[in-house]
Structures are given as structure tokens and as C-alpha cells.
Amino acid sequence: MRVMIMEKMRKLTTEQTQKMIFYGLVVFLFILPIPQFFGPDNVKAIGVQTTMLNLFLLFFCVVLVIEAANKRIIFKGFKKLGLAEKCVLGLILVGSFSVIISKDKMIALYGTELQGEGLISLLAYYMLFYITTILENKLYRQKLLHLFLLLGSIVSIIGVMQFTGIYEFSDMFPGMACVPMRNPNFYGGFSVLFTGAAMGGFYLYRNESEVTHPYSKWNRLVWYIFILFGYAACICSDSSLVYAGLIMQLLLYLFLKLVTKSKDFVSFFSLVAGLLVLILVFDTIRDGKVMAQIMSVSHQVEEGGSIFADGVGSGRMLAWKNIITLLPEYGLFGCGIEQLGPLYIERFHTLGGYFDKAHNEYLNLWITEGVFAVVLYLMFLFALFFPGITRFWEKGEVTTSGSVAKDEVAMIALFAFFGYIAQAFFSISVVQVAPYFWIVCGLLYSRKRS
């Protein structure tokens, strides 16, 4: 009797903890963008957002302690951890070492005023990933994805209002979608995540007779509308990098159709057609601005005479070439978290331009935290992507009713994940967007499979 009572109490506490995690993530999803609405003072907004990350880092640490106390998390040794978890632990160790060797340890710890992405913010990202992986309640996982789609739709509408001139939420980037992500490129990065989640749901829609589907009440038209919202947000960001993410998501969609021997290629062409139609619509509204932005990279190549010309990618090529020259000196251990800006000024001030980040997440990680960090991060991405994509051609688990069930939330998250890591070749990690990516990683990761 005593054992039964203790087990019942433990189960109740576990359910309560799952609820705490869910509501904590929901609150975080919706309050993180709010500071960017209050005026053009981005420095204050970034400070508030960084503080939010720190507070939620503390909150999730408390949740983990509760989970550990209830024996939901039992540390069985390093060898028992999944590859992704091992990589995150490695990134924490490398990041801590990077703070120690940094010239300005306070900035390495807390981040700069303009970025706010020091070690504490990175720890918050890792905690968001880990806490999302232990959100095992299927209903909560579905609701979290639903709410992310709702947030993406709201952000999309706000972006369209800015791009079309209906209402400018900020005077920093007139005629571009930037609020509530601070910058058009950051807004584009978030939009790629949102579009990927919608595209994953569109791909997975099946008849209830074939699969136990959590979104069976949402037909393909609903998912397609979400995709159109995502496309609109990407286009209104007026950023070229979003198309790298969208193209990779579309290629993933086509690849999965081919591998699974699906005959439903009409859906793929409908995705391409929807994107092209929206490009033409917004291009007409803005008198050719959209196509001019899409073609801007090719024009920069023509002007520079080479794809490696300094002006290609709005100066990204110049930044990459200069930063690569620093790798022989700093490639092993890095120059320190958030230390690239001062180093760039010191070494390249005579060449003009200023870059406090490499505008390539992988190169930026290499130059700031060293080769061990970038290898660990790439292994982490592999540990998520490979098990994630194999879900699509595996049979899944047979339920008690005899139907086939798969972790469809994780399968949907794969599309968002894949688009983001593609656009990351031309973008930077920021506190406005990165937390959403790490939550997506948590939804994609599977402890059982790893």
C-alpha cells in the first residue's frame, strides 16, 4: 500500500513538472519578442531580452532539480548519454574555457550591448534544448508546436504591415520587416523556422485510416495557409538569406517524396507555385523591390567581377576572407566569446568595415570558441538530423488500437531545423531568434532513439 501511494505521488509530481515545463516554454515563446515593440532603442530591448534568458535559465534549472528529485532524470554516467547530450556538455566546457582565455571576461560572460550573447545566454540556449527534450507529454508537445505556429502567424502579419507601409513599428529599417526580431535578417531567420514547421505539417497530413495523426482535424488547406504566412514573412524580411533556407526545405520535401516513393508530387509543385505567386504579388506592391533584393547577390558578383569580391553578400565575403586569415592564430581555441569585434578593429581597421560577428554561424563559432566547439556543434546537428530524417521511412510503433504512430512533432520539427541550419551559413546567432531554434532542436531530439 505504501509503495502504491508513493508511486501515485511520484506520478502526480511528474505530471505537475511536465505542466511547469510546458507553461514555462509557452510564456517564454510569447514574451521574448515583446521588448522589441517598445521604441527604437534596441540596446535596452536587448538588455531586457538577455535578462529574460537569464531568468528562464534559473527557472529551468529549478525545474531540473525537481525532476531529478523525483527520479525522472537519473544520471547513469557519460557513456549512457546520447550523442547530442554529450555534444552539449562539450560545448558548455569549451564555452567556459573560452571565457577564461577571453581578454574581456565580462563581455564573454554577459555579451555586448548590441548582441547580448555571452556564455550565460548560450547556457540558456542549451537549457532550453534540454528542458524541451524532457517534455515527454505528447499533448503538450503538440500544443507547443501549435502555439509556435500561432506566434509565427502573428509575426508574419506584423512583418507584412511593415513591408507594405500599413504601419511602421520601428523607424530603424523603414519598408522592411524587422520588429519583433530587431533586424530584417533576424526576422528572416525566425520566418524560416516558422515556414519549416508549417511545411512539415503539410507533408505529414494523411488520412486517419492510415496513421494516428495529432493534426487530423487540420487538413492540408490549413497547413498550406500557414506556409503562405511563412512565405510572406520571409519575403517581407527583404533578406536574401531566407531563400537559402526555403530552397533547402523544398529540396528536403522533394527528397522525402522520392525516398518514400510517394506519388504525391502535386503538393511539391503547389509549394513552389505558392512561393512564386507571393513573390510576384509583393514585388508588384513594392514596385520591383522584391526581385531587386533576390537578384542583388548576382548584381554584386557582376560588379565585383567574381563571386569572391569583397562586396558580395553585402560585405560578407570581405568579412569571411579577413576572418579566415585569423584562423591560423585563433583557430584552435578561439579568440573568446563575443571578442571578435575588438579583434577585427585591431587587425583590419585600415581596410574599412566593422564586423563583431562573422555572418556565418559556423565560422563565427570557430573563430570565437575554436575548432573543438565547431566540431562539437556539427556533431550535435548530425545527431539530430540523421535520426530525424530516418523517421520518415521507418514503420513506426503499432499502438494498442492497431494503428501506426510516429513522433510526428519531431518529424515536423525537422523541416524547421533544416531550413535554419542552411540559412545559418549567411547569418548570425542572436538572442531574438536562437532560443526558438534550440526549442525546435529539443522537439526534434529523441532520447529513446539516441
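Computed from a prediction, not measured in an experiment: that's the story for all the values here.

Details of the overall build of the protein chain
Part 1: Helix and strand counts for the protein chain stand at 19 helices and 2 strands.
Part 2: Considering only contacts within the protein chain whose residues lie at least 6 apart along the sequence, 74% involve residues at least 24 apart.
Part 3: In the structure as shown, the protein chain presents an accessible area of about 20300 Å², 69% of it carried by carbon and sulfur atoms.

Some remarks on the environment of Gly118
Part 1: Tracing the backbone through its elements, the reader meets Gly118 in the loop between helix H4 (105-110) and helix H5 (119-133).
Part 2: You can call Gly118 buried: its relative accessible area is 0%.
Part 3: In sequence terms Gly118 and Ala108 are 10 residues apart; their C-alpha atoms lie 5.0 Å from each other.
Part 4: Leave out the neighbours within four places in its chain, and Gly118 touches Ile107, Ala108, Leu109, Tyr110, Gly111, Ile337 and Glu338.

Remarks on the side chain of Ser267
Part 1: In this fold, Ser267 is placed in helix H10 (residues 266-285).
Part 2: Classification of Ser267 by relative accessible area gives buried; the value is 3%.
Part 3: Leaving out residues up to four positions away in the same chain, Ser267 has contacts with Phe202, Arg220, Tyr253 and Lys257.

A short note on helix H17 (residues 371-390)
Part 1: The terminal C-alpha atoms of H17 lie 29 Å apart, and with 20 residues this matches the ideal 28 Å at 1.5 Å per residue to within 8%.
Part 2: Along H17, the residues that are buried comprise Ala373, Val374, Leu376, Tyr377, Phe380, Leu381, Ala383, Leu384, Pro387, Gly388, Ile389 and Thr390.
Part 3: In this fold, the buried residues of H17 make contact with helix H3 (83-101), H5, helix H9 (241-259), helix H16 (361-369), helix H18 (408-423) and helix H19 (434-444).

Overview of the packing of aromatic side chains
Part 1: In the structure shown here, the tally under the stated rule is 36 aromatic pairs.
Part 2: Taking 6.1 Å as the distance between ring centres and 75° as the angle between the ring planes, the aromatic pair formed by Phe392 and Phe415 counts as edge-to-face. Here Phe415 lies in helix H18 and Phe392 lies in the loop between H17 and strand E1 (397-398), a separation of 23 residues in the sequence. Assigned by exposure class, Phe392 and Phe415 land together as buried.
Part 3: Taken together, the ring pairs in this structure connect Tyr126, Phe129, Tyr362, Tyr377, Phe380, Phe417, Tyr420, Phe425, Phe437, Trp438 and Tyr445 into an aromatic cluster.
Part 4: Positioned above the aromatic ring of Phe202, the side-chain terminus of Arg220 is 4.9 Å from the ring centre.
Part 5: Taking the ring centre of Phe163 as reference, the NZ or CZ of Arg286 above it sits at 4.7 Å.

Some thoughts on empty space enclosed by the protein
Part 1: Tallied over the full model, the rule gives 5 cavities of 30 Å³ or more.
Part 2: In this structure, the largest cavity encloses a volume near 340 Å³.
Part 3: Contributing to the lining of the largest cavity are 22 residues, with Glu117, Leu122, Leu365, Glu369 and Ser429 lying nearest its centre.
Part 4: Sorting the residues of the lining of the largest cavity by element identifies H5, H16 and H19 as the ones contributing at least two each.
Part 5: Looking at which element gives the most residues to the lining of the largest cavity, the answer is H16, with 6 residues.
Part 6: Tallied by class, residues from the lining of the largest cavity come to 13 nonpolar, 3 polar and 6 charged.
Part 7: Computed from the structure, the second largest cavity encloses a volume of approximately 80 Å³.

Some points on the state of the cysteines
Part 1: Counted under the stated rule, the structure contains 0 disulfides.
Part 2: Looking at Cys236, it has no disulfide partner, and the nearest cysteine sulfur is the one in Cys234, 9.5 Å off.

A closer look at the nonpolar core
Part 1: Core analysis: the biggest nonpolar cluster contains 119 residues, and Phe380, Phe417 and Phe437 have the highest contact counts within it.
Part 2: Ranked by residues supplied to this core, first place goes to helix H7 (residues 184-204) with 12 residues.
Part 3: Among all residues touching Phe437, those that are not within four sequence positions of it are Leu193, Tyr377, Leu381, Phe417, Tyr420 and Ile421.
Part 4: Core analysis: the second largest hydrophobic core is formed by 17 residues, Leu340, Leu343, Phe348 and Ile367 among them.

As for the pattern of salt bridges
Part 1: A complete count under the given rule lists 8 salt bridges for this structure.
Part 2: A salt bridge links Asp264 to Lys257; the nearest nitrogen and oxygen atoms lie 3.3 Å apart.
Part 3: Judged by relative accessible area, Asp264 falls into the partly exposed class, the value being 23%.
Part 4: The class of Lys257 is buried, set by a relative accessible area of 4%.
Part 5: With its nearest N and O atoms 3.0 Å apart, the salt bridge here joins Arg347 to Glu329. With Arg347 in helix H15 (residues 340-348) and Glu329 in helix H14 (residues 327-330), this pair connects stretches of sequence that are 18 residues apart.
Part 6: Assessed through its relative accessible area of 32%, Arg347 is described here as partly exposed.
Part 7: Through salt bridges with shared partners, one network takes in Glu117, Glu338 and Lys357.

What counts as what
- Residues numbered from 1 in each chain as written.
- Predicted model: local features only at pLDDT ≥ 70, side-chain atom pairs only at ≥ 80, totals over all residues.
- Heavy atoms only, no water.
- Helix = DSSP H or I, 4+ residues; strand = E, 2+ residues; numbered from the N terminus.
- Contact = heavy atoms within 4.5 Å.
- Areas by Shrake-Rupley, 256 points an atom, 1.4 Å probe, with all protein chains shown as cover.
- Buried < 20%, exposed > 50% of the residue type's maximum accessible area, 1.4 Å probe, protein only.
- Expected span 1.5 Å × (residues − 1).
- Phe/Tyr/Trp six-rings, centres within 6.5 Å; stacked < 30°, edge-to-face > 60°.
- Lys NZ or Arg CZ within 6 Å of the ring centre and 35° of its normal.
- 1 Å grid on protein atoms, 1.4 Å probe; cavity = no way out; pocket = protein on both sides within 12 Å on 5 of 7 lines; lining within 4 Å.
- Points joined across faces, edges and corners; volume = space filled by probe spheres on them.
- Nonpolar A, V, L, I, M, F, W, Y, C, P; charged D, E, K, R; others polar.
- Disulfide = S-S within 2.5 Å.
- Core = buried A, V, L, I, M, F, W, Y, C linked by side-chain atoms within 4.5 Å.
- Salt bridge = Lys/Arg side-chain N within 4 Å of Asp/Glu carboxyl O.

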